[in-house]
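A look at the structure
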Amino acid sequence: MSVATEQASLDKLCVDTIRTLSMDAVQQANSGHPGTPMALAPIAYVLYTRAMKHAPSDPDWIDRDRFVLSAGHASMLLYSMLYLSGYGLTLDDLRDFRQLGSPTAGHPEYGHAKGIETTTGPLGQGIATAVGIALAERMLAARFNRDGHEVVDHHTFVIASDGDMQEGVQSEAASLAGHLGLGRLIAFYDDNHISIEGDTELAFSEDVGARYEAYGWHVQNVGEDVSLERVTEAVEAAKAQDDRPSLIVVRTHIAPGAPNKQDTAEAHGSPLGEEEIRLTKEAYGWPSQEPFFVPDGVLDHFRAAVQAGEEARRQWQERFAAYREAHPDLAAELERFQSRRPPEGWGDGLPRQTAEDGAVATRKASSTVIQWAAERVPELVGGSADLAPSTLTLISDSVSVRKGDYGGRNLHFGIREHGMGAIVNGLTLSGFRGYGATFLIFSDYMKGAIRLSALMGLPSIFVFTHDSIGLGEDGPTHQPIEQLASLRATPNLAVVRPADFNETALAWRFAIDRTDGPTAIALSRQGVPTLDSEAVPDDAIERGAYVLRDSDGEPDLILMGTGSEVHTCLQAADALSDLAVRVVSMPCLDAFEAQDTGYRDSVLPPGVRARVAVEAASPLGWHRWVGDGGEVVAMDGFGASGPYKALYEHFGFTPEAVAERARAAVERSAGARR
Ligand SMILES: Cc1ncc(C[n+]2csc(CCOP(=O)(O)OP(=O)(O)O)c2C)c(N)n1
Ligand SMILES: [Mg+2]
């Protein structure tokens, strides 16, 4: 055999190993998606052994190329690659595909195994998050590279499927990627004409390549040619595009070589079956029918192939040492960014205000705090979905990120909330502390991305202003009702609704200090009085709730609320001067729930049954805190259009209305005791 033929047969053996491992693992689990990993094996093989700069021995290497499998259902493709190229996954992990506690979950889960750059599975999220990762690369390069020191210089690769290409979040993010000219982003589109219900012609006939061209991407179509040479060539051409992201359209055949299942929707999400696997392995000329068989030489070949990446990393380390020598502060800062830990002591001297400072909308307070934090936390970057004049989230002494000029800190996401959420996640994955802002009502438009940040334990920050009917005239389409409850129901998402300037400052400090999960900050459009700064404890958000104003002696009544309604509670307490009233501010119900019983009972003594919660939103979730004897003053339906004071009056959120319901609760509770 000539050297070239020998190489070709070894390559084929390697590609078929990816395929057979994928079909065997799905068969073993009796669940999963075999056909697409089989079809995409040559592409993954080219990426991991030829195209990508990566070092399995150091999966967190700052300047590695990133790979995002947007078609997360094809997870066995990624797991096969992580095993074969030596990221630490074992053959046993592949045998345990989809088993409880195994790192090889149904869909790739960030943090479960080295080499998984982001969680994927909800279609469209992967490619949209990758846009954020690729944007972060340019922004890091702009900040940290210096003449002769290109320490940030990598690519982000994506494989996307028909489902990804149909999802709106993908369009939003891809449009922005084209606009920003993210040349380091290279995506494959697996145009296999198959999705779950059958041929994609059932619902999808657009020219995806033409659409991406219209977005400003560089588009190649390699047709059915998934030869290693053609794929490599396409990647090289994509890499040569410095100021346009690249899409490589590939017409693959799902479950290639499976005599009865190739090109069928069945091969998408069901095991091929023992017999079909046998026939497929025969068709590949596979040397063994033993499941999970890895032929001699395959592992060695993979491990040898990644040596180029290991060498690239070694050279990078040398260059980084020279960089550290020349720019020690920058080098330390770049490393700190990756740790996601804000600068030591950054939050000392947090701005505070006092009651004399008067009323200020919490969105405005937030703007003040953002300026203060931005000076101290250089990794803080963010923007809004075309609402910056309303969300007040611009960093005033910085500029906008633009195509070719990525040194600014202000992002303009356009009216693309879902894309914004995913891009913020991508930025946060890459060492920035990203935030994205819009009206609270439109959190619904980005829920998929918010949820993934919570699942990944990623400290993205979501800023939601216009947090209640208090936004007034824009009316019920813009007035959030169920959004707070739904966000609070999301595990690991901290939802903070601060009541004034001081709580807002603490909310931002909390969000930036958080390293293991996202924070949503809900802010008012309308002015709210400033609380006495001594009345707001330093750990108000970490504790979740605290006694803002206490009664003399045992309270007859507890009034509790969040945000602007805390002030309604204070005024209602004034109106109930004949009663002993405690007022509790509850800026973060999630955090309060996580406190020990002792603390919770100290804030809400179990003996006090007359409790009233006030929040101009859905009552869902409040009954736990008010108990059987309590009252929830909340919104039972949609809001209405009108001046906010009229709305508060109409929907019963005036101090008088609250006081009346509170008095009834006190009487009920006294009656119950008698
Ligand atoms: C947001 C979202 N909706 C629905 C699904 C369920 N789902 C998983 S794969 C898939 C479509 C499969 O088609 P395609 O993306 O072309 O993948 P292929 O079958 O070609 O592997 C669907 C609808 C999902 N994972 N995410
Ligand atoms: Mg498909």
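Once a new chain begins, its residue numbering starts again from 1 and follows that chain's sequence as written. Working convention: letters from A go to chains and numbers from 1 go to ligands, in the order in which they are written. Reporting in this predicted model follows two pLDDT cut-offs: at least 70 for local features of residues, and 80 or more for side-chain atom pairs to be given and counted; totals over whole chains, interfaces and linings ignore these cut-offs and use all residues. Note that the side-chain values use all heavy atoms of the structure and ignore hydrogens as well as water.

A few words on the sheet that holds strand β2 (residues 156-161). Whether two strands pair comes down to DSSP finding at least two bridges between them. Per the convention used, a helix needs a DSSP run of H or I reaching at least four residues, while a strand needs a run of E reaching at least two, with both numbered from the N terminus. Taken together, five strands build an open sheet; the order of strands is β1-β2-β3-β7-β6 and the sheet is parallel. Of all the strands in the sheet, the pair left with one neighbour each is β1 (66-69) and β6 (218-223). The mean inter-strand angle of the sheet, taken between neighbouring strand axes irrespective of direction, is 15°. Here six bridges tie β2 to strand β3 (residues 185-190), and the two strands are oriented parallel to one another. The partner of Phe157 across the bridge, within β3, is Ile186. Helix α8 (residues 208-215) rests against β3, β6 and β7 (246-250) of the sheet, and its axis sits at about 175° to β7. Convention adopted: a line fitted to C-alpha atoms gives each axis, helices being fitted over their contacting stretch, and angles between N-to-C directions are expressed from 0 to 180 degrees. Two residues form a contact once any of their heavy atoms are found within 4.5 Å.

Sites may look incomplete because water is not among the atoms; the donors themselves are N, O and S atoms within 2.8 Å of the metal, or within 3.2 Å for Na, K and Ca. Around the magnesium ion (ligand 2), the protein contributes the donor atoms Asp162 (OD), Asn192 (OD1) and Ile194 (O), which lie 2.1 Å from the metal centre. Each donor residue of the magnesium ion (ligand 2) lies on the same chain, and together they follow the pattern D-x29-N-x1-I. Within this pair, whereas Asp162 is found in helix α6 (residues 162-166), its partner Ile194 is found in strand β4 (residues 194-195), the two being separated by 32 residues in sequence. Each member of the pair Asp162 and Ile194 is classed as buried. Here the term buried applies to any residue with accessible area under 20% of the maximum for its type, exposed to any over 50%, and partly exposed to those in between, with areas from a 1.4 Å probe on protein chains only.

Further remarks concern the pattern of salt bridges. Side chains that differ in charge, positive against negative, can pair when their charged atoms come close. Salt bridges, as used here, are contacts in which a Lys or Arg side-chain nitrogen is within 4 Å of a carboxyl oxygen on Asp or Glu. Applying the stated criterion to the full structure yields 38 salt bridges. For the salt bridge of Arg211 with Glu206, the shortest nitrogen-to-oxygen distance reads 2.8 Å. Classification of Arg211 by relative accessible area gives buried; the value is 17%. Residue Glu206 is classed as partly exposed on the basis of its relative accessible area, which comes to 40%. With a closest N to O distance of 3.6 Å, Asp539 and Arg543 form a salt bridge. Given a relative accessible area of 34%, Asp539 falls into the partly exposed group. Through salt bridges with shared partners, one network takes in Glu137, Arg138, Asp153, Arg184 and Asp242.

This part takes up the environment of Leu392. Examined against the element boundaries, Leu392 turns out to sit in the loop between α16 (388-391) and β10 (410-412). For Leu392, a relative accessible area of 22% corresponds to the partly exposed category. Between the alpha carbons of Leu392 and Pro606 there is a distance of 41 Å; along the sequence they are 214 residues apart. Sequence-distant contacts of Leu392, defined by excluding residues within four places in its chain, comprise Arg363, Lys364, Ser367, Ile370 and Leu387.

What follows is about the sheet that holds strand β17 (residues 557-561). Spatial strand order, β16-β18-β17-β19-β20: five strands in an open sheet with mixed pairing. Lying at the two open borders of the sheet, with one neighbouring strand each, are β16 (546-549) and β20 (631-633). Averaged over all adjacent pairs, the angle separating strand axes in this sheet is 30°, with direction ignored. Bridging between β17 and strand β18 (residues 581-585) involves five bridges; their strand directions are parallel. Opposite Leu557, over in β18, you have Val581 as the bridge partner. Contacts from helix α22 (residues 565-575) reach β16, β17, β18 and β19 (611-614), with the element oriented near 155° to β17.

For this description, a residue counts as near a given molecule or strand if any of its non-hydrogen atoms is within 4 Å of it. Taken together, 14 residues surround ligand 1, and among them Thr36, His73, Ser161, Asn192 and His268 come closest. As used in this structure description, the phrase polar contact means that two N or O atoms lie within 3.5 Å; if the pair is within protein, one of them must be able to donate a hydrogen and the other to accept it, and residues adjacent in sequence are counted only when both atoms belong to side chains. Within the side chain of Thr36, one N or O atom sits 2.4 Å away from an oxygen atom of ligand 1. Within the contact set of ligand 1, a nitrogen atom lies 3.0 Å away from a backbone nitrogen or oxygen of Leu123. All accessible-area figures derive from a Shrake-Rupley calculation using a 1.4 Å probe, and residue coverage is judged against the displayed protein chains alone. With the chains in place, 74% of the 580 Å² that ligand 1 exposes on its own is no longer accessible. Put simply, the parts of the chain that give the shell around ligand 1 at least two residues each are α6 and β4.

Another aspect to go through is the pairing of β2. The element β2 is extensively covered by neighbouring structure, given that six of its six residues are classed as buried. The alternating pattern of β2 places Thr156, Val158 and Ala160 on one face and Phe157, Ile159 and Ser161 on the opposite face, and all of these are buried. Judged from the four bridges that link them, β1 and β2 form a sheet pairing that is parallel. In the sheet register, Arg66 faces β2, and the bridge partner there is Thr156.

Next up on the list: the packing of aromatic side chains. Paired rings are identified among Phe, Tyr and Trp, the last through its six-membered ring, by centres lying within 6.5 Å, and are further divided according to the angle between planes into stacked (under 30 degrees), edge-to-face (over 60) and tilted (the rest). One pass over the full model with this rule turns up 20 aromatic pairs. Note on Trp286 and Phe293: the rings are 6.4 Å apart at their centroids and 85° apart in plane angle, and the pair reads as edge-to-face. Take Trp286: its relative accessible area is 8%, and that puts it in the buried class. Here Phe592 and Tyr599 contribute two aromatic rings whose centre-to-centre distance is 6.3 Å and whose plane-to-plane angle is 75°, an arrangement assigned as edge-to-face. Taken individually, Phe592 and Tyr599 each receive the classification buried, so the pair is uniform in this respect. Here the aromatic cluster, defined as three or more aromatic residues joined through ring pairs, consists of Trp61, Trp316, Phe320 and Tyr323. Its guanidinium or amino end placed over the ring of Tyr599, Arg543 lies 4.0 Å from that ring's centre, counting from NZ or CZ. Any Lys NZ or Arg CZ found within 6 Å of a ring centre and within 35 degrees of that ring's normal is scored as a charge over the ring.

Right, let's talk about the pairing of strand β12 (residues 461-465) for a bit. Of all the five residues making up β12, five are buried; the element is thus mostly covered by neighbouring parts of the structure. Every second residue of β12 is oriented toward a common face, with Ile461, Val463 and Thr465 on one face and Phe462 and Phe464 on the other, all of them buried. With five bridges connecting them, strand β11 (residues 433-439) and β12 associate as parallel partners. Looking across to β12, one finds that Phe439 is bridged to Thr465. If you view a crossover with the strands going away from you and the path from the first strand over the helix to the second runs clockwise, you call it right-handed. Running through helix α18 (residues 447-456), the crossover from β11 to the neighbouring parallel element β12 is right-handed. Bridging between β12 and strand β14 (residues 519-522) involves four bridges; their strand directions are parallel. Each bridged residue has a counterpart across the sheet, and for Ile461 the counterpart in β14 is Thr519.

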